[in-house]
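Residue strings, one per chain:
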Amino acid sequence: MQFGIFTVGDLTTDPVTGITPTENARIKATVAIAKKAEEVGLDVFATGEHHNPPFAAPANPPVLLAAIAAQTERMVLSTATTLITTNDPVRIAQDYGYLQHLADGRMDLMLGRGNTGPVYPWFGKDIRDGIDLAVENYALLRRLWREENVTWQGRHRAPLHAFTSTPRPLDGIPPFVWHGSIRSPEIAEQAAYYGDGFFANHIFWPKEHTQRMVDLYRRRYAHYGHGSADQAIVGLGGQVFMRGNSQDAVREFRPYFDHAPVYGGGPSLESFMGETPLTVGSPQQVIEKTLAFRDYVGDYQRQLFLVDHAGLSLKTVLEQLDLLGEEVVPVLRKEFGALKPAHVPDAPTHAARFAAASDITTAVASSAPVTDRWTGTRAEDANAAAAL
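Conventions adopted
Residues numbered from 1 in each chain as written. Predicted model: local features only at pLDDT ≥ 70, side-chain atom pairs only at ≥ 80, totals over all residues. Heavy atoms only, no water. 1 Å grid on protein atoms, 1.4 Å probe; cavity = no way out; pocket = protein on both sides within 12 Å on 5 of 7 lines; lining within 4 Å. Points joined across faces, edges and corners; volume = space filled by probe spheres on them. Helix = DSSP H or I, 4+ residues; strand = E, 2+ residues; numbered from the N terminus. Nonpolar A, V, L, I, M, F, W, Y, C, P; charged D, E, K, R; others polar. Phe/Tyr/Trp six-rings, centres within 6.5 Å; stacked < 30°, edge-to-face > 60°. Buried < 20%, exposed > 50% of the residue type's maximum accessible area, 1.4 Å probe, protein only. Pairing = 2+ DSSP bridges. Right-handed = clockwise from strand over helix to strand, strands pointing away. Contact = heavy atoms within 4.5 Å.

Peer 1: Could you clarify how one ought to interpret empty space enclosed by the protein in this entry?
Peer 2: Applying the stated rule across the entire model yields 1 cavity of 30 Å³ or more. Here the largest cavity defines a volume of roughly 50 Å³. Every residue along the wall of the largest cavity is listed here: S181, I182, A200, N201, H202, W205, H209, T210 and M213. When residues of the lining of the largest cavity are assigned to their parent elements, the largest contribution, 3 residues, is made by helix α7 (residues 207-223). Looking at the lining of the largest cavity, its residues break down into 4 nonpolar, 5 polar and no charged.

Structure follows, in C-alpha coordinates:
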(Lines give C-alpha, C1' and ligand atoms only; values in the text may rest on other atoms or scores of the structure.)
Protein backbone atom coordinates (compact mmCIF):
# COMPACT_ATOMS: atom_id res chain seq x y z
CA MET A 1 0.00 0.00 0.00
CA GLN A 2 1.20 3.48 -0.84
CA PHE A 3 1.12 6.38 1.61
CA GLY A 4 1.72 9.98 0.70
CA ILE A 5 0.51 13.56 0.75
CA PHE A 6 -1.29 15.86 -1.61
CA THR A 7 -1.41 19.63 -1.75
CA VAL A 8 -3.95 22.09 -3.13
CA GLY A 9 -1.38 24.89 -2.96
CA ASP A 10 -3.62 27.40 -1.20
CA LEU A 11 -2.33 30.85 -0.31
CA THR A 12 -4.01 31.37 3.07
CA THR A 13 -3.14 33.86 5.78
CA ASP A 14 -1.85 32.24 8.96
CA PRO A 15 -4.52 33.27 11.49
CA VAL A 16 -2.06 33.09 14.38
CA THR A 17 0.81 35.16 12.94
CA GLY A 18 -1.14 37.18 10.38
CA ILE A 19 1.43 36.28 7.70
CA THR A 20 0.29 35.51 4.15
CA PRO A 21 3.01 33.74 2.17
CA THR A 22 4.06 35.19 -1.15
CA GLU A 23 3.55 33.08 -4.25
CA ASN A 24 7.30 32.57 -4.44
CA ALA A 25 7.49 31.42 -0.82
CA ARG A 26 4.55 29.03 -1.25
CA ILE A 27 5.98 27.52 -4.42
CA LYS A 28 9.40 27.00 -2.84
CA ALA A 29 7.75 25.58 0.29
CA THR A 30 5.88 23.05 -1.85
CA VAL A 31 9.16 21.72 -3.24
CA ALA A 32 10.62 21.54 0.28
CA ILE A 33 7.54 19.64 1.47
CA ALA A 34 7.84 17.13 -1.36
CA LYS A 35 11.53 16.53 -0.62
CA LYS A 36 10.73 16.08 3.08
CA ALA A 37 8.00 13.57 2.20
CA GLU A 38 10.55 11.35 0.47
CA GLU A 39 13.05 11.86 3.31
CA VAL A 40 10.58 10.54 5.92
CA GLY A 41 9.72 7.49 3.79
CA LEU A 42 6.45 8.42 2.11
CA ASP A 43 5.65 6.92 -1.28
CA VAL A 44 3.67 9.59 -3.14
CA PHE A 45 3.53 13.35 -3.55
CA ALA A 46 0.62 14.81 -5.51
CA THR A 47 -0.15 18.40 -6.48
CA GLY A 48 -3.39 20.06 -7.44
CA GLU A 49 -3.91 22.19 -10.53
CA HIS A 50 -5.32 25.70 -10.17
CA HIS A 51 -5.62 28.71 -12.46
CA ASN A 52 -6.89 31.33 -10.04
CA PRO A 53 -6.30 32.99 -6.66
CA PRO A 54 -5.97 32.16 -3.83
CA PHE A 55 -3.78 29.29 -5.02
CA ALA A 56 -0.14 28.91 -5.89
CA ALA A 57 -0.61 25.36 -7.16
CA PRO A 58 0.73 25.02 -10.70
CA ALA A 59 -1.46 25.72 -13.70
CA ASN A 60 0.69 23.07 -15.40
CA PRO A 61 1.58 20.42 -12.77
CA PRO A 62 4.31 18.71 -14.85
CA VAL A 63 6.47 21.82 -14.38
CA LEU A 64 6.45 21.43 -10.59
CA LEU A 65 6.65 17.63 -10.70
CA ALA A 66 9.65 17.73 -13.06
CA ALA A 67 11.49 20.01 -10.63
CA ILE A 68 10.71 17.63 -7.78
CA ALA A 69 11.71 14.62 -9.87
CA ALA A 70 15.16 16.16 -10.31
CA GLN A 71 15.55 16.44 -6.52
CA THR A 72 14.13 13.06 -5.45
CA GLU A 73 14.95 9.45 -6.21
CA ARG A 74 12.19 7.09 -5.11
CA MET A 75 8.85 8.79 -4.58
CA VAL A 76 5.98 8.55 -7.09
CA LEU A 77 4.87 11.96 -8.34
CA SER A 78 1.21 12.52 -9.13
CA THR A 79 -1.58 15.06 -9.40
CA ALA A 80 -4.68 15.88 -7.38
CA THR A 81 -6.05 16.60 -9.94
CA THR A 82 -5.26 17.20 -13.60
CA LEU A 83 -8.25 18.91 -15.22
CA ILE A 84 -9.38 16.59 -18.01
CA THR A 85 -12.23 18.96 -18.85
CA THR A 86 -10.44 22.23 -19.62
CA ASN A 87 -7.03 20.93 -20.68
CA ASP A 88 -6.43 19.81 -24.24
CA PRO A 89 -5.89 16.02 -24.18
CA VAL A 90 -3.09 16.44 -26.72
CA ARG A 91 -1.21 18.66 -24.27
CA ILE A 92 -1.88 16.26 -21.41
CA ALA A 93 -0.51 13.38 -23.48
CA GLN A 94 2.63 15.26 -24.40
CA ASP A 95 3.33 17.09 -21.13
CA TYR A 96 2.85 14.05 -18.91
CA GLY A 97 4.56 11.83 -21.45
CA TYR A 98 7.61 14.07 -21.17
CA LEU A 99 7.39 14.00 -17.36
CA GLN A 100 7.25 10.22 -17.43
CA HIS A 101 10.65 10.13 -19.14
CA LEU A 102 12.20 12.77 -16.87
CA ALA A 103 10.99 10.89 -13.78
CA ASP A 104 12.08 7.48 -15.13
CA GLY A 105 8.53 6.24 -14.84
CA ARG A 106 7.87 7.17 -11.21
CA MET A 107 4.78 9.20 -11.92
CA ASP A 108 1.08 8.79 -12.54
CA LEU A 109 -1.81 11.22 -12.69
CA MET A 110 -5.27 11.72 -11.30
CA LEU A 111 -7.84 13.15 -13.67
CA GLY A 112 -10.80 15.19 -12.50
CA ARG A 113 -13.41 17.68 -13.66
CA GLY A 114 -12.45 20.43 -11.21
CA ASN A 115 -14.80 22.27 -8.90
CA THR A 116 -14.09 25.90 -9.83
CA GLY A 117 -16.86 26.94 -12.18
CA PRO A 118 -15.23 30.09 -13.66
CA VAL A 119 -12.31 28.03 -15.02
CA TYR A 120 -14.43 26.56 -17.82
CA PRO A 121 -15.09 29.77 -19.79
CA TRP A 122 -11.47 30.85 -19.34
CA PHE A 123 -10.60 27.93 -21.60
CA GLY A 124 -13.57 28.25 -23.89
CA LYS A 125 -15.60 25.49 -22.26
CA ASP A 126 -19.05 25.28 -20.67
CA ILE A 127 -19.34 23.75 -17.20
CA ARG A 128 -22.62 22.16 -18.28
CA ASP A 129 -20.53 19.97 -20.60
CA GLY A 130 -18.28 18.83 -17.74
CA ILE A 131 -19.14 15.13 -17.85
CA ASP A 132 -19.14 15.00 -21.66
CA LEU A 133 -15.75 16.73 -21.73
CA ALA A 134 -14.32 14.27 -19.21
CA VAL A 135 -15.56 11.29 -21.22
CA GLU A 136 -14.54 12.53 -24.66
CA ASN A 137 -11.17 13.96 -23.68
CA TYR A 138 -10.10 10.87 -21.79
CA ALA A 139 -11.11 8.55 -24.63
CA LEU A 140 -8.81 10.58 -26.89
CA LEU A 141 -6.00 10.71 -24.31
CA ARG A 142 -5.97 6.91 -24.05
CA ARG A 143 -5.68 6.57 -27.80
CA LEU A 144 -2.86 9.11 -27.99
CA TRP A 145 -0.79 7.09 -25.50
CA ARG A 146 -1.59 3.72 -27.08
CA GLU A 147 -1.69 4.42 -30.83
CA GLU A 148 0.29 6.23 -33.48
CA ASN A 149 -1.20 8.06 -36.47
CA VAL A 150 -4.43 8.79 -34.63
CA THR A 151 -7.33 10.08 -36.70
CA TRP A 152 -10.12 11.39 -34.51
CA GLN A 153 -13.10 13.71 -34.47
CA GLY A 154 -15.25 14.76 -31.52
CA ARG A 155 -17.45 17.58 -30.27
CA HIS A 156 -15.09 19.60 -28.12
CA ARG A 157 -11.80 20.08 -30.00
CA ALA A 158 -10.46 20.26 -33.53
CA PRO A 159 -10.15 16.95 -35.43
CA LEU A 160 -6.87 15.06 -35.63
CA HIS A 161 -5.56 13.45 -38.79
CA ALA A 162 -2.80 10.83 -38.57
CA PHE A 163 -1.42 12.50 -35.43
CA THR A 164 1.26 10.87 -33.29
CA SER A 165 1.82 12.27 -29.80
CA THR A 166 5.44 12.56 -28.69
CA PRO A 167 7.31 11.49 -26.72
CA ARG A 168 5.91 7.98 -26.80
CA PRO A 169 5.24 6.38 -23.39
CA LEU A 170 8.33 5.13 -21.56
CA ASP A 171 8.90 1.41 -22.24
CA GLY A 172 5.61 1.42 -24.17
CA ILE A 173 3.69 1.70 -20.87
CA PRO A 174 1.30 4.70 -20.63
CA PRO A 175 1.18 6.49 -17.28
CA PHE A 176 -1.26 4.92 -14.84
CA VAL A 177 -4.43 6.97 -14.48
CA TRP A 178 -6.60 7.53 -11.41
CA HIS A 179 -9.99 9.18 -11.82
CA GLY A 180 -10.69 11.48 -8.89
CA SER A 181 -14.15 12.51 -7.80
CA ILE A 182 -15.96 14.12 -4.91
CA ARG A 183 -19.54 13.37 -5.89
CA SER A 184 -19.88 12.28 -9.56
CA PRO A 185 -20.89 8.63 -10.06
CA GLU A 186 -20.19 9.07 -13.79
CA ILE A 187 -16.48 9.36 -12.97
CA ALA A 188 -16.54 6.17 -10.90
CA GLU A 189 -18.22 4.49 -13.88
CA GLN A 190 -15.54 5.84 -16.24
CA ALA A 191 -12.73 4.52 -14.03
CA ALA A 192 -14.41 1.12 -13.85
CA TYR A 193 -15.02 0.93 -17.60
CA TYR A 194 -11.34 1.31 -18.40
CA GLY A 195 -10.03 -0.66 -15.42
CA ASP A 196 -8.25 2.46 -14.13
CA GLY A 197 -7.87 3.54 -10.52
CA PHE A 198 -10.59 5.44 -8.65
CA PHE A 199 -9.61 8.05 -6.07
CA ALA A 200 -12.31 9.20 -3.66
CA ASN A 201 -11.67 12.73 -2.45
CA HIS A 202 -12.75 11.69 1.07
CA ILE A 203 -12.32 15.13 2.60
CA PHE A 204 -15.61 16.92 3.15
CA TRP A 205 -18.18 14.15 2.95
CA PRO A 206 -19.28 11.56 5.52
CA LYS A 207 -18.06 8.00 5.22
CA GLU A 208 -21.42 6.77 3.88
CA HIS A 209 -20.95 8.90 0.75
CA THR A 210 -17.44 7.58 0.15
CA GLN A 211 -18.64 4.04 0.75
CA ARG A 212 -21.35 4.39 -1.93
CA MET A 213 -18.94 5.83 -4.49
CA VAL A 214 -16.28 3.18 -3.94
CA ASP A 215 -18.86 0.39 -3.93
CA LEU A 216 -20.25 1.60 -7.26
CA TYR A 217 -16.76 1.65 -8.75
CA ARG A 218 -15.93 -1.84 -7.45
CA ARG A 219 -19.17 -3.37 -8.75
CA ARG A 220 -18.75 -1.83 -12.18
CA TYR A 221 -15.05 -2.76 -12.31
CA ALA A 222 -16.07 -6.39 -11.88
CA HIS A 223 -18.94 -5.97 -14.36
CA TYR A 224 -16.49 -4.89 -17.07
CA GLY A 225 -14.35 -7.97 -16.49
CA HIS A 226 -11.19 -6.44 -15.05
CA GLY A 227 -11.20 -8.71 -11.99
CA SER A 228 -13.20 -9.20 -8.85
CA ALA A 229 -14.66 -6.20 -7.04
CA ASP A 230 -12.06 -6.39 -4.28
CA GLN A 231 -9.26 -6.23 -6.86
CA ALA A 232 -10.30 -2.78 -8.08
CA ILE A 233 -7.66 -0.07 -7.55
CA VAL A 234 -8.86 2.42 -4.93
CA GLY A 235 -7.27 5.51 -3.40
CA LEU A 236 -8.50 7.74 -0.61
CA GLY A 237 -7.79 11.26 0.57
CA GLY A 238 -7.76 12.37 4.17
CA GLN A 239 -6.64 15.29 6.29
CA VAL A 240 -4.78 15.23 9.57
CA PHE A 241 -3.17 17.49 12.14
CA MET A 242 -1.12 15.93 14.92
CA ARG A 243 0.65 16.73 18.12
CA GLY A 244 1.89 14.47 20.87
CA ASN A 245 -1.48 14.56 22.59
CA SER A 246 -4.94 15.34 21.29
CA GLN A 247 -5.50 18.37 23.52
CA ASP A 248 -2.48 20.18 22.08
CA ALA A 249 -3.46 19.23 18.53
CA VAL A 250 -7.00 20.57 18.87
CA ARG A 251 -5.84 23.75 20.62
CA GLU A 252 -3.27 24.52 17.95
CA PHE A 253 -5.36 23.63 14.90
CA ARG A 254 -8.61 25.29 15.98
CA PRO A 255 -7.77 28.84 14.75
CA TYR A 256 -6.72 27.41 11.39
CA PHE A 257 -9.97 25.49 11.10
CA ASP A 258 -12.09 28.43 12.21
CA HIS A 259 -10.55 30.96 9.81
CA ALA A 260 -9.68 28.96 6.69
CA PRO A 261 -12.09 29.82 3.84
CA VAL A 262 -12.74 26.17 3.12
CA TYR A 263 -13.92 25.51 6.69
CA GLY A 264 -14.85 28.83 8.26
CA GLY A 265 -18.47 29.53 9.06
CA GLY A 266 -19.52 25.90 8.88
CA PRO A 267 -19.74 23.15 11.49
CA SER A 268 -17.52 23.25 14.56
CA LEU A 269 -14.18 21.48 14.53
CA GLU A 270 -15.59 18.75 16.73
CA SER A 271 -18.62 18.24 14.46
CA PHE A 272 -16.45 18.17 11.36
CA MET A 273 -14.14 15.57 12.90
CA GLY A 274 -17.14 13.46 13.85
CA GLU A 275 -18.78 13.61 10.43
CA THR A 276 -15.79 13.49 8.04
CA PRO A 277 -12.36 11.83 7.85
CA LEU A 278 -10.61 14.89 9.36
CA THR A 279 -8.45 13.75 12.29
CA VAL A 280 -6.99 16.30 14.70
CA GLY A 281 -5.25 14.54 17.55
CA SER A 282 -2.38 12.26 18.49
CA PRO A 283 -0.54 9.94 16.06
CA GLN A 284 -2.38 7.01 17.63
CA GLN A 285 -5.73 8.60 16.88
CA VAL A 286 -4.69 9.13 13.26
CA ILE A 287 -3.67 5.48 13.05
CA GLU A 288 -6.95 4.26 14.48
CA LYS A 289 -9.16 6.44 12.29
CA THR A 290 -7.19 5.64 9.12
CA LEU A 291 -7.33 1.89 9.78
CA ALA A 292 -11.09 2.25 10.12
CA PHE A 293 -11.33 3.48 6.51
CA ARG A 294 -10.91 -0.15 5.45
CA ASP A 295 -14.15 -1.03 7.24
CA TYR A 296 -16.21 0.88 4.68
CA VAL A 297 -14.12 0.82 1.48
CA GLY A 298 -12.36 -2.54 1.77
CA ASP A 299 -8.70 -3.12 0.99
CA TYR A 300 -7.29 -0.22 -0.96
CA GLN A 301 -4.02 0.78 -2.57
CA ARG A 302 -3.25 4.45 -1.90
CA GLN A 303 -3.78 6.78 1.06
CA LEU A 304 -2.94 10.46 0.62
CA PHE A 305 -3.08 12.97 3.46
CA LEU A 306 -3.58 16.75 3.23
CA VAL A 307 -1.26 18.42 5.74
CA ASP A 308 -0.20 21.81 4.31
CA HIS A 309 -3.42 23.81 4.03
CA ALA A 310 -5.30 26.54 5.91
CA GLY A 311 -2.30 28.81 6.46
CA LEU A 312 -0.11 26.36 8.39
CA SER A 313 3.54 27.41 8.38
CA LEU A 314 6.22 25.42 6.58
CA LYS A 315 7.80 24.58 9.93
CA THR A 316 4.55 23.09 11.18
CA VAL A 317 4.00 21.12 7.98
CA LEU A 318 7.48 19.61 8.17
CA GLU A 319 6.74 18.60 11.76
CA GLN A 320 3.57 16.88 10.55
CA LEU A 321 5.62 14.95 8.01
CA ASP A 322 8.05 13.82 10.71
CA LEU A 323 5.13 12.44 12.71
CA LEU A 324 3.67 10.72 9.66
CA GLY A 325 6.97 9.15 8.69
CA GLU A 326 8.14 8.15 12.17
CA GLU A 327 4.99 7.23 14.07
CA VAL A 328 2.01 6.80 11.76
CA VAL A 329 2.90 5.29 8.39
CA PRO A 330 5.11 2.44 9.71
CA VAL A 331 2.20 1.20 11.81
CA LEU A 332 -0.30 1.62 8.97
CA ARG A 333 1.96 -0.31 6.58
CA LYS A 334 2.21 -3.19 9.01
CA GLU A 335 -1.48 -3.30 9.92
CA PHE A 336 -2.89 -2.84 6.43
CA GLY A 337 -0.34 -5.31 5.03
CA ALA A 338 -1.36 -7.98 7.54
CA LEU A 339 -5.03 -7.58 6.61
CA LYS A 340 -4.70 -7.55 2.79
CA PRO A 341 -5.53 -10.86 1.07
CA ALA A 342 -2.96 -12.22 -1.35
CA HIS A 343 -5.22 -11.80 -4.40
CA VAL A 344 -5.68 -8.04 -3.83
CA PRO A 345 -3.13 -6.18 -5.97
CA ASP A 346 -0.64 -3.62 -4.76
CA ALA A 347 -0.71 -0.07 -6.07
CA PRO A 348 0.36 -0.01 -9.72
CA THR A 349 3.85 1.30 -10.46
CA HIS A 350 5.63 1.72 -13.76
CA ALA A 351 8.17 -1.01 -12.95
CA ALA A 352 5.50 -3.53 -11.95
CA ARG A 353 3.30 -2.75 -14.96
CA PHE A 354 6.26 -3.07 -17.31
CA ALA A 355 7.13 -6.44 -15.77
CA ALA A 356 3.51 -7.58 -16.12
CA ALA A 357 3.40 -6.53 -19.78
CA SER A 358 6.68 -8.35 -20.40
CA ASP A 359 5.29 -11.51 -18.77
CA ILE A 360 2.23 -11.39 -21.01
CA THR A 361 4.26 -10.78 -24.16
CA THR A 362 6.61 -13.66 -23.33
CA ALA A 363 3.71 -15.99 -22.59
CA VAL A 364 1.95 -15.11 -25.84
CA ALA A 365 5.14 -15.72 -27.81
CA SER A 366 5.54 -19.14 -26.19
CA SER A 367 1.79 -19.92 -26.25
CA ALA A 368 1.93 -20.48 -22.49
CA PRO A 369 -0.86 -19.02 -20.32
CA VAL A 370 0.12 -16.44 -17.74
CA THR A 371 -1.75 -14.89 -14.86
CA ASP A 372 -2.07 -11.10 -15.02
CA ARG A 373 -0.78 -9.90 -11.66
CA TRP A 374 -3.24 -6.97 -11.62
CA THR A 375 -6.50 -8.84 -12.21
CA GLY A 376 -5.70 -12.48 -11.46
CA THR A 377 -7.00 -13.47 -14.92
CA ARG A 378 -5.09 -15.40 -17.56
CA ALA A 379 -3.90 -13.41 -20.56
CA GLU A 380 -4.58 -15.13 -23.87
CA ASP A 381 -3.32 -12.60 -26.37
CA ALA A 382 -1.10 -9.58 -26.74
CA ASN A 383 -4.05 -7.20 -26.43
CA ALA A 384 -4.00 -7.83 -22.69
CA ALA A 385 -0.70 -6.00 -22.44
CA ALA A 386 -2.20 -2.88 -24.00
CA ALA A 387 -4.93 -2.83 -21.36
CA LEU A 388 -2.49 -2.46 -18.47
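Peer 1: Sorry if this is basic, but what is going on with the packing of aromatic side chains here?
Peer 2: What describes a pair of aromatic rings is the distance from one ring centre to the other and the angle between the planes of the rings. Scanning all chains against the criterion turns up 12 aromatic pairs. Members of the aromatic cluster, each reached through a chain of ring pairs, are Y138, Y193, Y194 and Y224.

Peer 1: Is there a simple way to think about the pairing of strand β2 (residues 44-47) in this case?
Peer 2: If a strand is regular, its side chains alternate between the two faces of the sheet. Burial along β2 is two-sided: V44 and A46 and F45 and T47, pointing in opposite directions, are all buried. Sheet topology places strand β1 (residues 2-7) next to β2; 4 bridges connect them, and they run parallel. Residue pairing in the sheet places F6 in a bridge with A46 of β2. Crossover connection from β1 via helix α1 (residues 23-39) to parallel β2: handedness right-handed. Considered for its hand, the β-α-β crossover made up of β2, helix α2 (residues 61-69) and strand β3 (residues 76-79) is right-handed.

Peer 1: Is there a simple way to explain helix α6 (residues 185-194) in this structure?
Peer 2: Count 3.6 residues to each turn of an α-helix, and residues three or four apart come out pointing the same way. Among the residues making up α6, those that are buried are I187, A188, Q190, A191, A192 and Y194. Looking at the buried side of α6, the elements it contacts are α5 (130-146), β8 (177-181), β9 (197-200) and α7.

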